[in-house]
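Take a look at the letters that make up each chain.
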Amino acid sequence: MGPVEKAVRTDVEELGDLVGVEPSLSEMAYTLARQIDMAATGECETCGEAVPRDDGRTLPQLNRELRQTLAQLLEGRAADDDDDGLGDLDSPV
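Remember, it's a predicted structure, so these values are computed and weren't measured experimentally.

### Quick notes on the pattern of salt bridges
Here the idea is simple: oppositely charged side chains can pair when their charged atoms come close.
Then comes step 1: Within the structure shown, the criterion is met by two salt bridges.
Then comes step 2: Residues Glu5 and Arg9 are paired through a salt bridge, measuring 3.0 Å at the closest nitrogen-oxygen approach. Here Glu5 and its partner Arg9 are both found in helix H1 (residues 3–13), four residues apart, which amounts to about one turn of the helix.
Then comes step 3: The buried category is assigned to Glu5, whose relative accessible area is 5%.
Then comes step 4: Of the charged contacts, one joins Arg34 and Glu5 as a salt bridge, the two residues approaching to 3.2 Å between their closest N and O atoms. With a gap of 29 residues between them, Arg34 in helix H2 (residues 22–41) and Glu5 in helix H1 connect regions that are remote in the sequence.
Then comes step 5: The exposure class assigned to Arg34 is partly exposed, which follows from its relative accessible area of 27%.
Then comes step 6: Counted as one network, the salt bridges with shared partners bring together Glu5, Arg9 and Arg34.

Calculation notes
Residues numbered from 1 in each chain as written. Predicted model: local features only at pLDDT ≥ 70, side-chain atom pairs only at ≥ 80, totals over all residues. Heavy atoms only, no water. Salt bridge = Lys/Arg side-chain N within 4 Å of Asp/Glu carboxyl O. Helix = DSSP H or I, 4+ residues; strand = E, 2+ residues; numbered from the N terminus. Buried < 20%, exposed > 50% of the residue type's maximum accessible area, 1.4 Å probe, protein only.

What follows is the structure, given as structure tokens:
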């Protein structure tokens, strides 16, 4: 496992239990992170075989996709954090 995938897995683990589409989004993030690591090293982490090194064209796209996937994963969490269970009640007078 490369450094980007390790970091993504740690970040996702800190979210706790995954619900709804979060498990799917996290798997997408792991895959993208693995591809970023392989593009940077030129080696498959699983089998150790050489893979074509990134020629500068795919790495930026993979990075954008990973950022967007992580943002979607966190988007639902931000809405949950804002809900204190009191709805839109005004402050007591």
